[in-house]
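The chain contents come next:
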Amino acid sequence: GDVYKRQVIKHSIQRLEALYGKIPLKFAKGHWSCTVLNGIRSRESKEEEESQTSEIDALVLLDRSVDFYSVLLMQMTYEGIVDEFLSIKTGIIRVDEKIVDPDAAEPEKNPETTEEEKGSEAGSEEKTESEEKKVKVVSVAKERVLYMISADDIMFGETRNLHFNLMKEQFPKKHKEIKTVLEKKGAKMSVAEMTEYVKKMRSLNVYKLKSVFNIELNLLGYLDTQVASSEFKQMVTMQLQAITTEEGLKEVAQSLELEMLKCKEKTKLLRVLCLLSLLANPLPKDVYHAATKTFVEVFGVSEALRLMNLERAGVLRREKSGPSWKSLKDSFKLIDEDTKLETSPEDITYSYTIYGPLSVRLVEKLLDTGWSGSDSKCGVMGSCQSAGAESGAQELEGADT
């Protein structure tokens, strides 16, 4: 509801259109998204139509409150796992040096020190306190390295959308492919074979791939250890149990309380608690009070303010608000327990193992039948509103996306 942020979003869209042309189709779902879109339309009605062809076919705005579920659930793609444990910020992750380069060892000290070295060691003991602090800061900074992670990274670009369980298969295959190509270097070849070999080298970009492969492999090993941990498995199990069994919400809440008493990571615990409150919409009062009371007792009274802010944001609910999880799940086919984890999956549910993000389902529905009219599925969204071109669905379906 921040007016300033709405203005920022509106101006950002205007700048986007200034660069790539006026976007012909615009859609929004949710009160604040519709407010932004109506503001853009009111400006457009006062301006003359421009003939510039847009490079963007359509714009879809969604309130975050339309789909809190996808934010709280743990995404199981490779990129999702990287973000879960290392936090991707503007395409950059901060990683401990020992993770990306575990073989890098500190230089060993020579046991036989000379008189000059002993003198320097004695002198170092006389450093001032400020100098010592400065050295400590520098040493800490050296322990963490910045690593760019984007589609431009050949290995990451090919694997970012794969389910994490498939990564163990893909990395050895790619490594074998690189090794095979490099082993052929210097071998006797005909002109046709040499031409084919050069094409292969260029398509794989072997030397660049080789330089990042070890880093990606070490990163995968670290992430695999984290994913295999009992704590992560427990969190994923609780989440999957919560979204698939309505009767099991109280059981999941009890398991969550036990995890709180074990002082597990509070951010993950809060995610599960908020998810339960959204799924139950709301949790029974006794369950809600027991869970929040345990959380505050374990992590401190200051956490009560955090819980209040989550309630204010609508992520943690103690009162019914919006459509029920059951109606959304059934109408938009959010759960598919028979999802197959393949390298080229046919449905988005693989990204969360069995859950298809509601925001993605809404865009799919927009492409299929549109949001307007008396469609019962769209009506399930309760207070969520939609706005867009009257014939937008039909036009967008034929657009070159």
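All values derive from a computational prediction rather than experimental measurement.

Trainee: Which residues make up the nonpolar core, and what values do they have?
Mentor: Within the largest apolar cluster, 74 residues are counted, with the highest numbers of intra-cluster contacts made by Tyr-69, Tyr-78, Leu-219, Leu-223, Leu-273, Leu-276 and Tyr-355. Those residues in contact with Tyr-69, other than ones at most four positions away along the chain, are Leu-275, Leu-278, Leu-279, Pro-323, Trp-325, Leu-328, Tyr-355 and Leu-358. Counting nine residues, the second largest nonpolar core, distinct from the first, contains Ile-13, Ile-23, Ala-28 and Leu-61.

Trainee: Give a description of the pattern of salt bridges that names residues and reports values.
Mentor: Applying the stated rule across the entire model yields 14 salt bridges. One salt bridge in this structure joins Glu-303 and Arg-306, with 2.5 Å as the shortest N-O distance. With Glu-303 and Arg-306 both in helix 16 (residues 303–313) and three residues apart, the pair spans about one turn of that helix. For Glu-303, a relative accessible area of 4% puts it in the buried group. We classify Arg-306 as partly exposed; its relative accessible area is 38%. Notably, a salt bridge pairs Arg-361 with Glu-364, separated by 3.0 Å at the nearest N-O pair.

Trainee: Lay out the packing of aromatic side chains with the relevant residues and their values.
Mentor: For the structure on display, the rule yields six aromatic pairs. Ring centres of Tyr-69 and Trp-325 lie 4.9 Å apart, and the angle between their planes is 50 degrees; on these two criteria the pair is classed as tilted. A residue pair is termed long-range when its members are at least 10 positions apart, and Tyr-69 in helix 3 (residues 69–72) and Trp-325 in helix 17 (residues 325–332) qualify at 256 residues. This pair shows no difference in class: Tyr-69 is buried, exactly as Trp-325 is. When the ring of Trp-325 is compared with that of Tyr-355, the centres are 6.3 Å apart and the planes differ by 40 degrees; the resulting orientation is tilted. With Trp-325 in helix 17 and Tyr-355 in the loop between helix 17 and helix 18 (358–368), the pair connects residues that are 30 residues apart, well separated along the chain. Summarising the burial analysis for this pair, Trp-325 and Tyr-355 share the class buried. Among the aromatic residues, those joined into a ring-pair cluster are Tyr-69, Trp-325, Tyr-352 and Tyr-355.

Trainee: An account of the pairing of strand 1 (residues 25–29) is requested, with residue identities and associated values reported.
Mentor: Buried residues dominate strand 1, accounting for five of its five residues. Here five bridges tie strand 1 to strand 2 (residues 58–62), and the two strands are oriented parallel to one another. Within strand 2, the position partnered with Phe-27 by the bridge is Val-60.

Trainee: If you had to explain the side chain of Asp-63 to someone new, which residues and values would you point to?
Mentor: Tracing the backbone through its elements, the reader meets Asp-63 in the loop between strand 2 and helix 3. Within the buried set, Asp-63 has no salt-bridge partner at all; the shortest N-O distance to an opposite charge, 9.0 Å, is to Arg-6. Within polar-contact distance, the side chain of Asp-63 engages the backbone nitrogen of Trp-32 at 3.1 Å. A distance of 2.6 Å separates the side chain of Asp-63 from the side chain of Ser-33, its partner in a polar contact. Among residues more than four places away in sequence, those in contact with Asp-63 are Lys-29, Gly-30, His-31, Trp-32 and Ser-33.

Trainee: How would you sum up a nonpolar patch on the surface? Please name residues and give values.
Mentor: A cluster of nonpolar side chains, contributed by Leu-16, Leu-19 and Tyr-20, occupies part of the molecular surface with about 280 Å² of accessible area. Structurally, Leu-19 can be placed in helix 1 (residues 3–20).

Trainee: An account of the confidence of the model for the chain is requested, with residue identities and associated values reported.
Mentor: Per-residue confidence for the chain averages 79 on the pLDDT scale, and 76% of its residues sit at or above 70. In this model residues 373–380 is a low-confidence stretch, pLDDT under 50, and it forms twelve contacts with partners more than four residues away in sequence or in other chains. A low-confidence stretch, residues 390–395 (pLDDT under 50), is modelled with eight contacts involving residues beyond four sequence positions or located in other chains.

Cut-off values and rules
- Residues numbered from 1 in each chain as written.
- Predicted model: local features only at pLDDT ≥ 70, side-chain atom pairs only at ≥ 80, totals over all residues.
- Heavy atoms only, no water.
- Core = buried A, V, L, I, M, F, W, Y, C linked by side-chain atoms within 4.5 Å.
- Buried < 20%, exposed > 50% of the residue type's maximum accessible area, 1.4 Å probe, protein only.
- Contact = heavy atoms within 4.5 Å.
- Salt bridge = Lys/Arg side-chain N within 4 Å of Asp/Glu carboxyl O.
- Helix = DSSP H or I, 4+ residues; strand = E, 2+ residues; numbered from the N terminus.
- Phe/Tyr/Trp six-rings, centres within 6.5 Å; stacked < 30°, edge-to-face > 60°.
- Pairing = 2+ DSSP bridges.
- Lys, Arg positive; Asp, Glu negative; His and termini not counted.
- Polar contact = N/O pair within 3.5 Å; in protein donor to acceptor, adjacent residues only side chain to side chain.
- Patch = residues over 30% accessible without salt bridge, like charges linked within 9 Å, V, L, I, M, F, W, Y side chains within 5 Å.
- Areas by Shrake-Rupley, 256 points an atom, 1.4 Å probe, with all protein chains shown as cover.
- pLDDT = per-residue confidence, 0-100.

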